[in-house]
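Chain by chain, the residues:
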Amino acid sequence: MGCTHSSNVDLTRDVCLHHFDLHRVIGKGSFGKVRVVQHKRSKAAYALKYVNKQQCLKQKAVANVVRERQLLEEVRHPFLVNLRYAFQDEENCFFVLDLMLGGDLRYHLTTKGCFPERVVRFWIAEVSCGLAFLHRERIVHRDLKPDNILLDAAGHAHITDFNVATYYTPRRGHTSVTGTVAYMAPEMLHSARYGYQWQVDWWALGVIAHELLWMKRPFDGTNVEKITQRILNDPIVVPPCVNVNMRPISMEGCHALLDRNPRTRLGCGNVQTSLEEVRRHAWFASLDWCALQAKEHPPPFVPDPNEFNFDLGLEMDEYMLAERKPGSKRHTPIDMEKLSPEQRKLLVEFTPFDFERPARRTHFTQNSPATAYYPTHHIVAGAPLSQTTTFVGVSKDPSPASSATSSYSGSVRSSSDTRYIHS
Ligand SMILES: Nc1ncnc2c1ncn2[C@@H]1O[C@H](COP(=O)(O)OP(=O)(O)OP(=O)(O)O)[C@@H](O)[C@H]1O
Ligand SMILES: [Mg+2]
């Protein structure tokens, strides 16, 4: 069921959509879908996430998409979903990512219910490795939740979705309220007063651990205001134990992450030694951390290889709504002078990336060629693009709460996942 662009494609040239055969839909993003693809030359399978430019412009999320692309180029780690290629066409921006055939933790939570403690502990430990790495790289993820933790076919956990991730500086805290309300740390909700930093991700990990163990978030509610009030004020509600073999130490682990004070929260003592701190906690002490960090610890939950670990409704959508596949729109020349500043920003700053080519183009201004990163034969009027090429990797984070909100749709998504996108 691959796509039909196979003939007459020069696979030695810069990567583009025609270098891949498109297969089934496995995910839905805020601005597009995620599909399995196969690289025509290497035959390697990847996940293709595409972001519709029109939707992205409409939701004022250009800066986020550009930053997601730039951050992904800078990081590589065994417990992250790593970027392999990036490119764009007239209609979409594309991320080609490591393929995680085991599905996301939201899917497993919804279809299988809560998980045994040893499984949750293993996932939290693997995600901690990825998180500690990001923080050492001065990146705060800001949208950690079960939807954004993906399992590979063997059952290892990986962090994905860097759409609202940003750099932090130790000197100045961020102030924008960004991410998904139910997973937001109290200091983010209070951010106008104090600002926040990387510690917010450890709080989100505590919410995830709680949800995976008890199938219930510690602070929940039917609307944003109620959830916010509970995060800020209420004691943690421990549900009647549905997991019969639950040890009290797992609850202590959750509570240590869900410490309202970011200075005493588990993992938050020092950014360089976060992982050590987590390793020393009694909940994790008996794990073989050397094997775990080397990805040699056998995962206690292996996704069924005969199962499609994704929401089947996504494929149904595609057939029912007869949606076009990406790349099927006819190309028309672009007149640079008619583009809005945001359109130009996306065109210029969503640069191509190919992990096989050592001379990577970087987003640092001093290295950026003053040309659009788009096949030049599609550009008719060349305005001086260098004026629009700016370094946006380090967010100054000037804006208050964003105006754009969206919620997930689809059968396995939770309706209270109200998400704020900072642009
Ligand atoms: N590399 C991948 N392998 C397998 N499935 C993936 C992969 N990337 C994404 N998915 C699936 O697609 C879903 C949506 O992807 P993602 O989280 O990146 O989009 P999103 O939440 O809309 O992000 P964004 O805010 O960037 O639009 C994930 O929850 C997951 O189920
Ligand atoms: Mg996501």
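Residues numbered from 1 in each chain as written. Chains lettered and ligands numbered in written order. Predicted model: local features only at pLDDT ≥ 70, side-chain atom pairs only at ≥ 80, totals over all residues.

Per an unreviewed UniProt entry, the protein chain goes by the name Kinase-like domain-containing protein and belongs to Vararia minispora EC-137.

Trainee: How should helix H2 (residues 62–74) be read in this particular structure?
Mentor: Think of an α-helix as turning once every 3.6 residues; residues three or four places apart then point the same way. With 13 residues, H2 should reach 18 Å at 1.5 Å per residue; the first-to-last C-alpha distance of 19 Å fits that figure. Of all 13 residues in H2, 10 are buried; the element is thus mostly enclosed. Three or more residues of H2 are buried, namely Val62, Asn64, Val65, Val66, Arg67, Glu68, Arg69, Gln70, Leu71 and Leu72. (Helix = DSSP H or I, 4+ residues; strand = E, 2+ residues; numbered from the N terminus. Expected span 1.5 Å × (residues − 1). Buried ≥ 20, exposed ≤ 12 C-beta atoms within 10 Å, placed from the backbone.)

Trainee: What exactly am I supposed to notice about helix H3 (residues 105–112) here?
Mentor: Buried residues of H3: Leu105, Arg106, Tyr107 and His108, and no others. One or two positions beyond H3, positive phi appears at Gly113, with a value near 80°.

Trainee: I would appreciate a short explanation of the sheet that holds strand S5 (residues 92–98) in the present structure.
Mentor: To summarise the sheet geometry, strands pair through backbone hydrogen bonds and adopt either a parallel or an antiparallel arrangement. If you trace the 6 strands from one edge of the open sheet to the other, you get S1-S2-S3-S5-S4-S13, paired in antiparallel fashion. Strands with a single pairing partner mark the edges of an open sheet, and in this sheet they are strand S1 (20–28) and strand S13 (353–354). Note: strand S4 (residues 83–88) against S5, 5 bridges, orientation antiparallel. For Ala86, the partnering residue across the bridge sits in S5 and is Phe95. (Pairing = 2+ DSSP bridges.)

Trainee: Please clarify how the site of ligand 1 should be interpreted in this entry.
Mentor: Taken together, 22 residues lie near ligand 1, and Gly27, Gly29, Ala47, Asp161 and Asn163 sit nearest. For the shell around ligand 1, the secondary structure elements donating two or more residues are S1, strand S3 (45–52) and S5. At 3 residues, S1 tops the list of elements feeding residues into the shell around ligand 1. Inspection of the shell around ligand 1 shows a minimum of three residues originating in each of domain 1 (17–100 + 309–364) and domain 2 (106–306 + 390–420). (Near = placed C-beta within 6 Å. Domains from an automatic or database assignment.)

Trainee: Just to check I follow, could you spell out the pairing of S5 for this structure?
Mentor: If a strand is regular, its side chains alternate between the two faces of the sheet. A large share of S5 lies buried, amounting to 6 of its 7 residues. Here S3 runs beside S5; their pairing, made up of 7 bridges, is antiparallel. Its bridge partner being in S5, Tyr46 is matched across the sheet by Asp98. Between S4 and S5, which pair antiparallel and follow one another directly, the connecting turn spans 3 residues.

Trainee: Got a minute to help me understand the pairing of strand S2 (residues 33–39) in this structure?
Mentor: A large share of S2 lies buried, amounting to 5 of its 7 residues. In this structure, S1 lies alongside S2, joined through 6 bridges in antiparallel fashion. Bridging from a neighbouring strand, Phe20 pairs with His39 of S2. In textbook terms, the turn of a hairpin is the stretch between consecutive antiparallel strands, and for S1 and S2 this stretch comprises 4 residues. Judged from the 5 bridges that link them, S2 and S3 form a sheet pairing that is antiparallel. Residue pairing for S3: Val37 is matched across the bridge by Tyr46.

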